[in-house]
Amino acid sequence: FAPATSKLLSSALPSFTQLLATSYPYLFPRLHLARHKASARRFRSFHPTRRPPNIKPKSIHLIRIRIRILLSLIHSTHIITSTIMIRSISIASILLLLAGASCAFQPSAPSTAHRSVTSGKASSSALFEYVPKWKKKETLADSAGDMSDDDKGLMGTIPVIFKQGNETRRTLASPGQPLSFVAAQAGQPIRYGCKKGECGTCECMGNGKWIRPCVESVPDWAPGQELVLNIKELKSKSTSSGKFYSVKSFFMGFYNNFVGMFGFVKQRKAAKKNWEERQEYEDLVKVLAAEKKAARLAREAEEAEKLQLEISAVLKKEAEVAEAQREKLTAKVAEEREAAGVRQIR
Ligand code: FES
């Protein structure tokens, strides 16, 4: 449905925007007037001697605009209705096709001979009744009929009572016998899952405690002490091979698709959150890097300043030494000249 919706929106939206654009002076008259004044002012600033064009809607404009609004409305409605109709027709055809396929793949009714074997007699009303190809194995309790427990071979010292809804089954078991075997022997249906004691599908209440019959066994109690098991009720008491094409499977297909879509949306949300977190983290890293860079630059500037000071101190010292040497030399030269003058006079 997503492409259909986007197509519908993309085709209907321009029409709506056009409608909005044409009806805008009437929807927001103040804003329109303000814009009109502003544009007139701008016009006057460029052409001080000319009159600005009147962009206020006149009555003829009004009629034209109303006609355009009406046409846009008709156009949008037409697009929406036609798209919905086309989609509904295609969906209805798909449904019809699927229903036809479902009827075509319905398992054929078994032959009269087969029915007579499985159900004993064939009535005309049960002509198209679905009969699975498998046959449930008879339990000891099923075949025994009204025989006593001893005659059935149900031996044991611990009476085990299975309660499921309004039904109660009694049997006998020996300590250490697996509860699943005891239940199967007594013809008590229990729904199992993993049969390893992990999933909890078979969990039932045994003498006020939750136990898992797939792994539990009959406790080592004193003879005569009863073990009462409250079993969860089952919708169907036999495992059916089921039909591949059925009304349920048809709806389950839709359900699975919906679940898949929901999963995608969930994943997308999680991915978005993840992306936002990453962005935040990257921003933080950027800030930290900028701080680090600023600190490094400040340190370098400080070091450069220190170096500059040291260099200027050295230069100053050298200049002082040179000055002292120059003064010394000047004094020496003056002394020598003076001595030379004295010698000439002599
Ligand atoms: S079947 Fe899974 S816990 Fe018993």
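Nothing here was measured: the structure is a model prediction, and the numbers come from that model.

S.K.: Can you tell me about the pairing of strand β5 (residues 227–230), naming the residues and giving the values?
M.R.: Side-chain alternation along β5 places L227 and L229 on a buried face and V228 and N230 on a face that remains uncovered. Both strand β1 (residues 158–164) and β5 contribute to a ladder of 4 bridges, which runs parallel. For F162, the partnering residue across the bridge sits in β5 and is L229.

S.K.: Which residues make up helix α7 (residues 179–186), and what values go with them?
M.R.: Helical geometry: 3.6 residues make up each α-helical turn, so side chains three or four residues apart lie on a common side. Those residues of α7 lying buried are L179, S180, V182, A183 and A186. For α7, the buried positions fall inside an angular range of 160° around the axis, keeping them on one side. Positive phi appears at G187, one or two residues downstream of α7, with a value of about 75°.

S.K.: Tell me about the sheet that holds strand β3 (residues 204–206), residues and numbers included.
M.R.: Within the open sheet, the 5 strands sit side by side as β2-β1-β5-β3-β4. Their pairing is mixed. With one partner strand each, in any of the chains shown, β2 (167–173) and β4 (209–211) form the two edges of the open sheet. Each strand of the sheet is rotated relative to its neighbour by a mean of 30°, with strand direction disregarded. Here β3 runs beside β4; their pairing, made up of 3 bridges, is antiparallel. Pairing of C204 across the sheet is with I211, part of β4.

S.K.: How would you explain a negative patch on the surface if you had to name every residue and give the values?
M.R.: A cluster of like negative charges, contributed by E276, E277, E280 and D283, occupies part of the molecular surface. Along the chain, the position of E277 falls in helix α8 (residues 247–345). With relative accessibility at 44%, the residue E277 sits in the partly exposed group.

S.K.: Account for the packing of aromatic side chains, naming residues and giving values.
M.R.: This structure, assessed with the given rule, holds 0 aromatic pairs. The ring of Y192 carries K195 above its face, with NZ or CZ at 4.7 Å from the centroid.

S.K.: So, the pattern of salt bridges: which residues are in play, and what are the values?
M.R.: Inspection of every chain in the model, using the stated rule, returns 6 salt bridges. One salt bridge in this structure joins R212 and E203, with 3.1 Å as the shortest N-O distance. Relative accessible area serves as the criterion here: at 24%, R212 is assigned to the partly exposed category. With relative accessibility at 22%, the residue E203 sits in the partly exposed group. Of the charged contacts in the structure, one is a salt bridge between R326 and E323, with a shortest N-O distance of 3.0 Å. Linking R326 with E323, this pair stays in helix α8, spanning 3 residues, or about one helical turn. Residue R326 is classed as partly exposed on the basis of its relative accessible area, which comes to 49%.

S.K.: Lay out the nonpolar core with the relevant residues and their values.
M.R.: Within the largest apolar cluster, 17 residues are counted, with the highest numbers of intra-cluster contacts made by V160, F162 and L229. Those elements that provide at least two residues to this core are β1, α7 and β5. Broken down by element, this core gets its largest block of residues, 4 residues, from α7. Not counting residues within four places of it along the chain, the set of residues in contact with V160 comprises R169, R170, T171, A173, V182, L227 and L229.

S.K.: Account for the pairing of β1, naming residues and giving values.
M.R.: Counting buried positions over the 7 residues of β1 gives 6, a clear majority of the element. Here β1 folds back onto β2 in antiparallel fashion, the turn holding 2 residues, of which G165 has a positive phi close to 60°.

S.K.: Please set out the environment of G165 residue by residue, giving values where relevant.
M.R.: Mapped onto the elements, G165 comes out in the loop between β1 and β2. When its relative accessible area of 46% is taken as the criterion, G165 is described as partly exposed. Taking the C-alpha atoms as reference points, G165 and E233, separated by 68 residues in sequence, lie 6.0 Å from one another.

S.K.: Quick rundown of a nonpolar patch on the surface? Include the residues and the values.
M.R.: A contiguous nonpolar patch, built from I91, L95, V247, F251 and F254 and spanning about 470 Å² of accessible area, is present on the exposed surface. When contributions to the nonpolar patch are tallied by element, the ones reaching two or more residues are α3 (59–104) and α8. Broken down by element, the residue count for the nonpolar patch peaks at 3 residues, all from α8. Summarising the element assignment, V247 is placed in helix α8.

S.K.: So what's going on with the side chain of Q164? Residues and values would help.
M.R.: One can find Q164 in strand β1. When its relative accessible area of 4% is taken as the criterion, Q164 is described as buried.

S.K.: Help me get a handle on the confidence of the model for the protein, residues and values and all.
M.R.: Predicted coordinates in areas of low pLDDT are best not read in detail. Here the protein averages 78 in pLDDT, and 69% of its residues register 70 or above. Here helix α4 (residues 112–119) is the element of the protein with the lowest mean pLDDT, 43, and β5 is the one with the highest, 92. In the predicted structure, residues 109–126 sits below a pLDDT of 50 and forms 12 contacts with residues beyond four places in sequence or in another chain.

S.K.: Go over unusual backbone geometry, please, and point to the residues and values.
M.R.: Comment: phi is negative for the bulk of residues other than glycine, and the bulk of peptide bonds are trans. Here K195, not a glycine, exhibits a phi torsion of approximately 60°, which is positive. Its location among the elements puts K195 in the loop between α7 and β3. For K195, a relative accessible area of 55% translates into the label exposed.

How each quantity is defined
- Residues numbered from 1 in each chain as written.
- Predicted model: local features only at pLDDT ≥ 70, side-chain atom pairs only at ≥ 80, totals over all residues.
- Heavy atoms only, no water.
- Buried < 20%, exposed > 50% of the residue type's maximum accessible area, 1.4 Å probe, protein only.
- Helix = DSSP H or I, 4+ residues; strand = E, 2+ residues; numbered from the N terminus.
- Pairing = 2+ DSSP bridges.
- Arc of directions from axis to C-beta.
- Axes fitted to C-alpha atoms, helices over the stretch in contact; angles between N-to-C directions.
- Patch = residues over 30% accessible without salt bridge, like charges linked within 9 Å, V, L, I, M, F, W, Y side chains within 5 Å.
- Areas by Shrake-Rupley, 256 points an atom, 1.4 Å probe, with all protein chains shown as cover.
- Salt bridge = Lys/Arg side-chain N within 4 Å of Asp/Glu carboxyl O.
- Lys, Arg positive; Asp, Glu negative; His and termini not counted.
- Charge placed at Lys NZ, Arg CZ, Asp CG, Glu CD.
- Phe/Tyr/Trp six-rings, centres within 6.5 Å; stacked < 30°, edge-to-face > 60°.
- Lys NZ or Arg CZ within 6 Å of the ring centre and 35° of its normal.
- Core = buried A, V, L, I, M, F, W, Y, C linked by side-chain atoms within 4.5 Å.
- Contact = heavy atoms within 4.5 Å.
- pLDDT = per-residue confidence, 0-100.

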